[in-house]
Amino acid sequence: MKSAAPTPLSTVSSQFIDDWLVALQSLCTDAQMASLMKRSGLVADHAHPYSRVTLDQIVRLYQLAAVETGDEMMGLWSRPIRPRALQHLLTSVREATSLPSAMYRFATFWNLLLDEYQFDLTNIENALVLTLNPQNDVQAKPFGHMLILKLAHGLLSWLAGHEVPVRGVDFAFDRPEFDQDYAIIFPAPLRFGRPATTIAFDPRMLGPVQARNRSDLNQFLQNAPRDWIFTNSREHTRSLRVRTYLSQTDWDNATLRDTARAMNMTPRTLMRRLHDDGTSFQAIKDALRRDIAIRDLQAGHKSVEGIAQDVGFSSAANFHRAFQRWTGTTPSSYRRR
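This structure is a prediction, so every number in the text was calculated from the model and none was measured.

Rules used in this analysis
- Residues numbered from 1 in each chain as written.
- Predicted model: local features only at pLDDT ≥ 70, side-chain atom pairs only at ≥ 80, totals over all residues.
- Heavy atoms only, no water.
- Helix = DSSP H or I, 4+ residues; strand = E, 2+ residues; numbered from the N terminus.
- Buried < 20%, exposed > 50% of the residue type's maximum accessible area, 1.4 Å probe, protein only.
- Areas by Shrake-Rupley, 256 points an atom, 1.4 Å probe, with all protein chains shown as cover.
- Lys, Arg positive; Asp, Glu negative; His and termini not counted.
- Charge placed at Lys NZ, Arg CZ, Asp CG, Glu CD.
- Arc of directions from axis to C-beta.
- Contact = heavy atoms within 4.5 Å.
- Axes fitted to C-alpha atoms, helices over the stretch in contact; angles between N-to-C directions.
- Left-handed = near helix turned anticlockwise from the far one by under 90°.
- Nonpolar A, V, L, I, M, F, W, Y, C, P; charged D, E, K, R; others polar.
- Phe/Tyr/Trp six-rings, centres within 6.5 Å; stacked < 30°, edge-to-face > 60°.
- Lys NZ or Arg CZ within 6 Å of the ring centre and 35° of its normal.

**Student:** Is there a simple way to think about the overall build of the protein in this case?
**Tutor:** A tally of helices and strands in the protein yields 16 helices and seven strands. With the C-alpha coordinates aligned to their principal axes, the bounding extent of the protein is approximately 60 × 55 × 40 Å. Of all 337 residues assigned to the protein, the portion counted as buried reaches 51%. Only carbon and sulfur atoms are counted for the fraction: they give 47% of the accessible area of the protein, which is about 16,100 Å². Placing the 39 positive and 34 negative side-chain charges of the protein at their respective mean positions leaves the two points 5 Å apart.

Structure (structure tokens):
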């Protein structure tokens, strides 16, 4: 499977990783935590609800923390997941003769390691459903639930040689304010506040398994979690399809009519579909403008004034005000992080 290419220039709310950072803090000294954050390009203070995190920063933090904590799930489960566990998991699933068999191996593997949850694999209403069932009264860690479901999806896609379509994802925690961030991760309908966390696949879409050798396995491990946590699927919410289209064209001058035509629908239909996604055409353009600015500030190759002009602001002062509204800090302060 080719390396995943997430929706262009995407960022997620810093709140998306808050429970992961809390779990990490339980495994690290203050000095270790500060070092991990700094080397990942993150800041220690994630209190502001508008601060953003790039997908590259999430990958870097995972790669550093998994090694330094000696826990490949970094405190997200009650029992540490010791080094090389992911390697053993890949060794097991690559011997599967079918994708459903690989999911059975995945569930069996984690049921040997997890105490507070157990996986069940069932066929329900013509769907292959992997369910994470709590074994006691335990509070769900959203990032942990997201990560382990994406690992299941990523392994299936690795074995299939392409991104396997997802029929639906349920989460056993309440819908967060930043729920649209989950659409960057899962190319599927999402539901929150459900009895259990699940991921469902259409068995008719589960094709043959491709042979995977030691080199393939090592590449998957080396790239983790980039190749499995961020989706490359086009079967996405309409809002992310609009964002992808805008990022590949003259986005600042693109109109709703132009975009609707590119998607073979009327402007009114596109407006309605975006409303169903909980957003609007202008909100998508503003989010893309924000994330381009964040990318360029982190790269450090352009002046603040140059970035302001590139993202369509008539003056640096207007850009400063907008950026502070987006992230809770000024562009200059963001660059110094």
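**Student:** Just checking my understanding: could you explain helix 2 (residues 30–40) for this structure?
**Tutor:** For an α-helix the count is 3.6 residues per turn, leaving residues at separations of three or four pointing the same way. When we look at burial in helix 2, the residues that qualify are Met-33, Leu-36, Met-37 and Ser-40. One face of helix 2 carries all of its buried residues, which in axial projection span an arc of 95 degrees. For helix 2, exposure combined with an orientation more than 90 degrees from the buried face picks out Ala-31 and Lys-38. The elements touched by buried residues of helix 2 are helix 1 (18–25) and helix 3 (55–69). Of the residues flanking the end of helix 2, it is Gly-41, one or two places downstream, whose phi is positive at about 85 degrees.

**Student:** Explain the packing of helix 4 (residues 85–93) against helix 5 (residues 99–113) here, please?
**Tutor:** Taken N-terminus to C-terminus, the directions of helix 4 and helix 5 make an angle of 145 degrees; their axes are 9 Å apart at the nearest point. The hand of the helix 4/helix 5 crossing is right-handed. Along its contact with helix 4, which presents Ala-85, His-88, Leu-89, Ser-92 and Val-93, the element helix 5 presents Ala-102, Arg-105, Phe-106, Phe-109 and Trp-110. Looking at the contact of helix 4 with helix 5 residue by residue, the class counts come to seven nonpolar, two polar and one charged.

**Student:** What exactly am I supposed to notice about the packing of aromatic side chains here?
**Tutor:** To describe a pair of aromatic rings, you give the distance between the ring centres and the angle between the ring planes. Within the structure shown, the criterion is met by 22 aromatic pairs. Note on Trp-77 and Tyr-117: the rings are 5.6 Å apart at their centroids and 85 degrees apart in plane angle, and the pair reads as edge-to-face. With Trp-77 in the loop between helix 3 and helix 4 and Tyr-117 in strand 3 (residues 117–124), this pair connects stretches of sequence that are 40 residues apart. The exposure class of Trp-77 is buried, given its relative accessible area of 5%. Look at Tyr-117 and you get buried, because its relative accessible area is 4%. By way of ring pairs, the aromatic residues Phe-16, Trp-20, Phe-143, Phe-171, Phe-173, Phe-178, Tyr-182, Phe-186 and Phe-192 are connected into one cluster. Here the basic side chain of Lys-150 rests over the ring of Phe-186, its NZ or CZ set 5.5 Å away from the ring centre.

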